[in-house]
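# Residue-level structure breakdown
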Amino acid sequence: MTAMDAARQALGEVFGYDTFRPGQESIVAAILSGRDVMAVMPTGAGKSLCYQIPALVLPGITLVVSPLISLMRDQVGALIQNGVRAAYINSSLTPRQHALALQNARGGLYRIIYVAPERLMTDAFLDFAKNARIAQVVVDEAHCVSQWGQDFRPGYLQIEPFIRELPVRPRVSAFTATATDTVRRDIMRLLALSDPYEIVTGFDRPNLFFEVRRTGDRDMSLLRFLREHQGQSGIVYCGTRKGVEQVTRMLRENGVDAVGYHAGMDDGERLRAQEDFVSDRAPVIVATNAFGMGIDKSNVSFVVHYNMPKDLESYYQEAGRAGRDGEDAVCCLLYQPSDVRLNSFLIEHSLETSQLDEQTQQVVLERARERLKQMTFYATGSGCLRTRILQYFGERPGQLRCGNCSACLTGARERDVTREAGQIVAGVMAMGGRYGKATVARVLCGAKDERIRSRGLDKLSAFGCLKAEGETAVRAMIDELIADDVLETTEGDYPVIKPGPRAREALRGDEPIRMTLAEQEGTPGRRVSAKPSVDKALFARLSALRRSIAEEQHVPPFIIFTNATLRDMADKRPKNRRAMLRVAGVGEGKLERYGDAFLREIERYEEEQEFVKRKA
Ligand code: ADP
Ligand code: ZN
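Fair warning: this is a prediction, and the values are worked out from it, not measured in the lab.

## A short note on the overall build of the chain
- Assigned secondary structure in the chain consists of 26 helices and 17 strands.
- Relative to the compact-globule value of 25 Å for 616 residues, the chain shows a C-alpha radius of gyration of 28 Å, a close match.
- Seen along its three principal axes, the alpha-carbon backbone of the chain occupies a region of about 90 × 80 × 45 Å.
- In the chain, 71% of the contacts between residues at least 6 apart in sequence involve partners at least 24 apart.
- About 29,200 Å² of surface is accessible on the chain, with carbon and sulfur atoms providing 49% of the total.
- Taking the average place of the 84 positive charges on the side chains of the chain and the average place of its 81 negative ones, the gap between the two points comes to 2 Å.

In structure tokens:
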């Protein structure tokens, strides 16, 4: 069997996947052939497998240098679930645990060891490494080595001297998601990669749906968004700590189980918020950009930006935390013109305490302004959102409309609104032709304020009948109906809406009414999805089972199985262990651990359904 055959076998048996994703196969092959690797892959592309599979095939130990404790813990947890012997060495271990881990490592107990960069050059670690067979050194989040990168970490500069200490130079591979040309060159130089296999895989994330909601009322837009995504888990990013606190409170008052997270909170509170979110106890986390790096939760179904960030780099990195499990996910940006003013202000004051000379300052500011301009184009333009992002990152997308973003889907689309028009006319009649456009829209959308309640408008049967459309869309429809003589508006300071000459026709709906609505908030059910619909009840049962197992073991649910795996399981409904192995994400380790429990749950579900059918 060739090494590549062994790699393919490990992909299926250990990780439970049939095929490599783009880029993975060539990287695995390069590492197996003994080459160094410099790989730039977007978040969620599947970097870990690229070095974990060679780690299982190569004789010897793989060391993975990683910047964050939480990241190491999750990775090692996931590996152990898959039956791979792995451990981490970092400052979270007590001296005793540390000594024990090294002793085990010396005894050849581990295939993969995650290590913090600061540990590499310690006597104890060097002593172990020099006497072991190190087959591979992996540098994760490799941009941390570069001072040009946003997360420079001095400890990373010890990696290269460490490698030089080893009696036999292992293959070295560097991985990152965020690298410009400068940073990439820096990485290869500072790690002294020798003739590395270089690969930059595409930045496109086809499973992400991008949308921008230009809104007059962020809170309303956010609540509507969350209603459309009820039962899902996601992140709401705010521009400031104060924003985090306000939005968290607002969501709680509206019955959303949200936790807040920002760097100003005390450690215990912050950790609790993070754990509530990662373990699926709290579906929504409201956070500043301090949250995210190193949080390895794969089933994030949406990321909403309550404020527009300062550039597309930040936006794409934060939004990209959605859908890492490959499931469809949504990235929604709420936009108001005040976002631009605030960001401009921050940019202009960003260098006040800096040591840079005047000329350099001007250059830095100029670049920051240009980036903000590009971000603003994204938020206000009418073209395809995905195309704009990819072009910004220097790619040339094949087509200019992706069909999976709000601009492609809702940009001036004609639709049949015969039914809605009838409802609007009926509402205007019921309200006696005595109210203005805004009030009519509010009543039809079910807004509850004092004015509406005191006049008994909330008792009308039309109250709330167009809630799903949103007020902006209803107001736009009213404008169209006025233009069509279905409604009319009075003159004067307080114009009111009355039925027009063609109101009866519209009410009867004998002629279809079509409208081209320029822009709409909220487009539930409009997303194109490549995935077949799944039996929701079964999926819910499987995910409840996953949650109870996760709680028992004190690990996050996605470490047991990802959403993509549960979906595939609900779809394939395996009846035995062999069939269970065909579910994507079920390898032999997980089959052994959880296969039977999930098989039983599926069987029970089918029996119950059978029973219900027979009774009916
Ligand atoms: P990255 O580190 O690049 O952000 P991960 O390595 O965490 O991404 O992988 C993201 C998700 O994709 C994980 O849930 C992982 O199990 C899954 N994945 C990786 N490779 C494959 C594959 N070949 N087929 C299916 N799923 C995969
Ligand atoms: Zn598009």
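## Brief notes about the sheet that holds strand 5 (residues 134-139)
- If you walk across this open sheet you meet the seven strands as 3-4-2-5-6-1-7, and the pairing is parallel. Taken across any chain shown, the strands that pair with only one partner, and hence form the sheet edges, are strand 3 (86-89) and strand 7 (197-200). The sheet shows a mean angle of 15 degrees between the axes of neighbouring strands, taken without regard to direction.
- Inspection of the sheet shows strand 1 (residues 37-40) paired to strand 6 (residues 171-176) by four bridges, in the parallel sense. Looking at the pairing, Val37 lines up with Ser173 of strand 6.
- Docked against the sheet, helix 4 (residues 69-81) engages strand 3 and strand 4 (112-115), running at close to 165 degrees with respect to strand 3.
- The sheet contacts of helix 6 (residues 123-130) involve strand 2 (61-65), strand 3, strand 4 and strand 5, and relative to strand 2 the element is tilted by about 145 degrees.

## Some thoughts on the sheet that holds strand 9 (residues 234-237)
- Taken together, six strands build an open sheet; the order of strands is 8-13-12-9-11-10 and the sheet is parallel. Every interior strand has two partners, whereas the edge strands, strand 8 (208-214) and strand 10 (258-261), have only one. Neighbour-to-neighbour, the strand axes of the sheet open up by a mean angle of 15 degrees, direction not taken into account.
- Sheet analysis places strand 9 next to strand 12 (residues 302-305), joined by four bridges and oriented parallel. Counted as the bridge partner of Ile235 is Val303 from strand 12.
- Against the sheet, helix 11 (residues 267-278) engages strand 9, strand 10 and strand 11 (284-287), with an angle of about 135 degrees to strand 10.

## Description of the side chain of Glu318
- As for its placement among the helices and strands, Glu318 is situated in helix 12 (residues 312-319).
- Within the buried set, Glu318 has no salt-bridge partner at all; the shortest N-O distance to an opposite charge, 5.3 Å, is to Arg321.

## Considerations on the site of ligand 1
- Not every one of the 15 residues close to ligand 1 is listed here, only the nearest: Tyr17, Thr19, Gly44, Ser48 and Arg324.
- Ala45 has a polar backbone atom sitting 3.4 Å from an oxygen atom of ligand 1.
- Coverage of ligand 1 by the protein amounts to 83% of the 570 Å² it exposes when considered alone.
- At three residues, helix 3 (residues 47-57) tops the list of elements feeding residues into the shell around ligand 1.

## Brief notes about the coordination of the zinc ion (ligand 2)
- Looking at the metal site, the zinc ion (ligand 2) is ligated by Cys384 (SG), Cys402 (SG), Cys405 (SG) and Cys408 (SG), spaced 2.3 to 2.4 Å from it.
- Read from N- to C-terminus, the donor residues coordinating the zinc ion (ligand 2) fall into the pattern C-x17-C-x2-C-x2-C. Just as Cys405 is buried, Cys408 falls in that class too.

## A closer look at the nonpolar core
- Within the largest apolar cluster, 83 residues are counted, with the highest numbers of intra-cluster contacts made by Phe125, Phe128, Phe162, Phe210, Phe291 and Tyr378.
- Tallying contributions element by element places helix 14 (residues 358-380) first for this core, with six residues.
- Apart from the residues within four sequence positions on either side, Phe128 is in contact with Ile61, Leu63, Leu102, Ala105, Arg106 and Ile113.
- The next biggest cluster of nonpolar side chains, apart from the first, holds 35 residues, and it includes Val14, Val28, Leu58 and Ile199.

## Focus on helix 3
- Helix 3 sits mainly inside the fold: eight of its eleven residues count as buried.
- The complete set of buried residues in helix 3 reads Lys47, Leu49, Cys50, Tyr51, Gln52, Ile53, Pro54 and Ala55.

## A word on the confidence of the model for the chain
- Taken residue by residue, the chain gives an average pLDDT of 88. The fraction at 70 or more is 95%.
- Low pLDDT (under 50) marks residues 519-531, which in the prediction has 36 contacts with non-local residues, meaning those over four places away or in another chain.

## Focus on a nonpolar patch on the surface
- A cluster of nonpolar side chains, namely Leu342, Phe345 and Leu346, defines an oily patch on the protein surface of about 310 Å² accessible area.
- Relative to the helices and strands, Leu346 is located in helix 13 (residues 338-348).
- Looking at Leu346, the relative accessible area reads 49%, which means it is partly exposed.

## Regarding the packing of helix 13 against helix 14
- The contact between helix 13 and helix 14 brings their axes to 10 Å, and the two run at 165 degrees. Looking at the two axes, helix 13 sits roughly antiparallel to helix 14. By crossing handedness, the relation of helix 13 to helix 14 is classed as right-handed. Note on element contacts: helix 14 touches helix 13 through Leu365, Ala368, Arg369, Leu372 and Thr376, opposite Val340, Asn343, Ser344, Ile347 and Glu348.
- Its residues assigned to classes, the contact of helix 13 with helix 14 comprises five nonpolar, three polar and two charged.

## Some remarks on the pairing of strand 10
- The side-chain alternation of strand 10 yields two buried faces, one formed by Ala258 and Gly260 and the other by Val259 and Tyr261.
- For strand 10 and strand 11, the ladder comprises four bridges, and the chain directions are parallel. Looking at the pairing, Ala258 lines up with Val284 of strand 11.

Here is what the cut-offs are and how they apply
Residues numbered from 1 in each chain as written. Chains lettered and ligands numbered in written order. Predicted model: local features only at pLDDT ≥ 70, side-chain atom pairs only at ≥ 80, totals over all residues. Heavy atoms only, no water. Helix = DSSP H or I, 4+ residues; strand = E, 2+ residues; numbered from the N terminus. Rg over C-alpha atoms; globule rule 2.2 N^0.38 Å. Contact = heavy atoms within 4.5 Å. Areas by Shrake-Rupley, 256 points an atom, 1.4 Å probe, with all protein chains shown as cover. Lys, Arg positive; Asp, Glu negative; His and termini not counted. Charge placed at Lys NZ, Arg CZ, Asp CG, Glu CD. Pairing = 2+ DSSP bridges. Axes fitted to C-alpha atoms, helices over the stretch in contact; angles between N-to-C directions. Buried < 20%, exposed > 50% of the residue type's maximum accessible area, 1.4 Å probe, protein only. Salt bridge = Lys/Arg side-chain N within 4 Å of Asp/Glu carboxyl O. Near = heavy atom within 4 Å. Polar contact = N/O pair within 3.5 Å; in protein donor to acceptor, adjacent residues only side chain to side chain. Donors = N, O, S within 2.8 Å, 3.2 Å for Na, K, Ca; no water. Core = buried A, V, L, I, M, F, W, Y, C linked by side-chain atoms within 4.5 Å. pLDDT = per-residue confidence, 0-100. Patch = residues over 30% accessible without salt bridge, like charges linked within 9 Å, V, L, I, M, F, W, Y side chains within 5 Å. Parallel < 35°, antiparallel > 145°, perpendicular 65-115°, else oblique. Left-handed = near helix turned anticlockwise from the far one by under 90°. Nonpolar A, V, L, I, M, F, W, Y, C, P; charged D, E, K, R; others polar.

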